[in-house]
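Each chain, written out:
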Amino acid sequence: MPEPVDGAREAGDEAGGGVSRRRLLGVSGTAAVAGIVAGATSTYAVTQAGAASAAPDVAATTAPALGLEAAIPFRGEHQAGIVTPAQDRLHFVALDVVTKDPAQLRDLLRTWTRAAERMTAGAEAAPGGLVGGGPNRAPEDTGEAFGLPASGLTVTIGYGPSLFDDRFGLADRKPAALEELPAFIGDQLDPKRSGGDLCIQACANDPQVAVHAVRNLVRMGFGVVSVRWSQLGFGRTSSTSTSQATPRNMFGFKDGTNNVKAEEPEGLDRHVWVAPEDEKGGGAWMAGGSYLVARRIRMHIEVWDRTSLQEQEDVIGRDKKQGAPLGQAKEFDTLDFAKKGPDGQPAIPMRAHVRLAHESQLGGVRILRRGYNFTDGSDGVGHLDAGLFFIAYMRNPGTQFVPMQRALASKDLLNEYLEHNGSAVFACPPGLKDGEDWSQALFA
């Protein structure tokens, strides 16, 4: 494993306008920065269009990051931020492409790759970005995360169906499974909270680090992209690793107990990663990627809070304290849909959320959930605008999310307390090898 960059080298970089790094804590996180920012194996780690910056020759590491402040490797077989153990904070943004020049979009994706790799390693968005450009230029890094550790930052990119129209010559590159979601019963979608040509998902264990990443990528896109909508999230609502305890949503229930986990390679291959045989022709570049479905779900907090505990548990199908399926004792006990309660009725009601969403009721369909809680003030009449920003990754939205949501929308008792007011779907390409950037899959 490479040794951390020493203090003398750091000071020299700062003074000389070279690679100015945020100080990282945690052994493997520091090592990852030493490798990635040094750029020995990556074309994009420290270079910048029109300005090269000298860097020490230190090998990159792919060792797993440890600790809340560690750096997560940017490159790999799959994009980080999908099966990465879910961080505590989210900044999600959907963007529209406003330029009509394909070359500008291609160049922006290249620039974003360089900047995202640097920021996930704990560095500024560009070499010397805070002050290196001198007093007469706008800084190339906004600075609010300077001096903070990498905080487990991941940056994940996705492409919406609308990107593959006739503007950029990408129609023949559109993946077959990338289709707009159909209307669902009960949807109250706001167009200003839905859709988008591109999306960026930034997750971190420090909200300032996540916001900094999105802010700087949007800043770089001025004149090429504009923000369509965005969402801040806190308190992850799903565990993506067996190392994590199951978190709770804004209704106070454990959420995502039966989620697909990073430690289930067979489950990931079956339900999350696009296989080569899934996409033919121009969409073949999606092999190894995944489809992202985002839904902004407002929860009617005040109504729920006045509902009896028994009704809450019947609606969800789980015990509120332990998270155990009704009729069982522990959270991870098997859901027994045949078991009867003392009244002779099913212990888990027929329209309970966990019954309708369970794979046994959906022909084996599973998805990888990665959602977050949100609270966006009030609605002007004293009610909280709060709920779940649902994010899920899957191999094919049409055969996984659509049947699941149709079943829930038509029967789920939980619908009385929910309002779906935002929706989008994106194709998230596979991870990058050394020397690759986000433009290549689209503009090959």
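Reference entry: report on the structure contained in this document. Keep in mind that what you see is a predicted model, and the values were worked out from it rather than measured.

### Brief notes about the packing of aromatic side chains
A complete count under the given rule lists 13 aromatic pairs for this structure. Geometrically, the ring pair formed by F92 and W229 is stacked, given 5.6 Å between the ring centres and 20° between the ring planes. Taken together, the residues F92 in strand β1 (residues 89-97) and W229 in strand β4 (residues 225-236) connect sequence positions 137 residues apart. Each ring, one from W304 and one from Y417, has its centre 5.0 Å from the other, and the planes form 90°; the classification is edge-to-face. With a gap of 113 residues between them, W304 in helix α6 (residues 301-305) and Y417 in the loop between α9 (401-411) and β9 (418-428) connect regions that are remote in the sequence.

### Notes on helix α3 (residues 102-120)
Taking 1.5 Å of rise per residue, 19 residues should cover 27 Å, and α3 covers 27 Å from first to last C-alpha, within 8% of that figure. For α3, every residue scored as buried is listed here: L105, L108, L109, W112, T113, R114, A115, A116, E117, R118, M119 and T120. With its phi angle positive at about 100°, G122 sits one or two positions after the end of α3.

### Looking at the environment of V315
By the element assignment, V315 lies in helix α7 (residues 309-316). The class for V315 is buried, based on a relative accessible area of 4%. Along the sequence, V315 and E416 sit 101 residues apart, while their C-alpha atoms lie 9.7 Å from each other. Residues contacting V315, with those up to four places away along its chain left out, are W304, A352, H353, D412, L413, L414 and Y417.

### Some points on the pattern of salt bridges
By the definition in use, this model includes 19 salt bridges. Across the salt bridge formed by E144 and R215, the nearest N and O atoms sit 3.1 Å from each other. Taken together, the residues span a long stretch of sequence, with E144 in the loop between α3 and β2 (154-159) and R215 in helix α4 (residues 207-220) at a distance of 71 residues. Between K174 and E179 there is a salt bridge; the shortest N-O distance is 3.8 Å. In the salt-bridge network here, residues are joined through shared partners; they are D165, R167 and D197.

### Notes on the nonpolar core
Ranked by internal contacts, the top residues of the largest apolar core, which has 77 residues, are W112, Y159, L163, L198, F251 and W438. Sort the elements by how many residues they give to this core and α3 lands first, with seven residues. Setting aside anything within four residues of it in sequence, one finds L198 in contact with V93, A94, L95, V97, L105, W112, G158, Y159, G160, L163, V225 and F426. One finds V260, Y372, F389 and I391 within the second-largest nonpolar core, a separate group that totals 24 residues.

Thresholds applied
Residues numbered from 1 in each chain as written. Predicted model: local features only at pLDDT ≥ 70, side-chain atom pairs only at ≥ 80, totals over all residues. Heavy atoms only, no water. Phe/Tyr/Trp six-rings, centres within 6.5 Å; stacked < 30°, edge-to-face > 60°. Helix = DSSP H or I, 4+ residues; strand = E, 2+ residues; numbered from the N terminus. Expected span 1.5 Å × (residues − 1). Buried < 20%, exposed > 50% of the residue type's maximum accessible area, 1.4 Å probe, protein only. Contact = heavy atoms within 4.5 Å. Salt bridge = Lys/Arg side-chain N within 4 Å of Asp/Glu carboxyl O. Core = buried A, V, L, I, M, F, W, Y, C linked by side-chain atoms within 4.5 Å.

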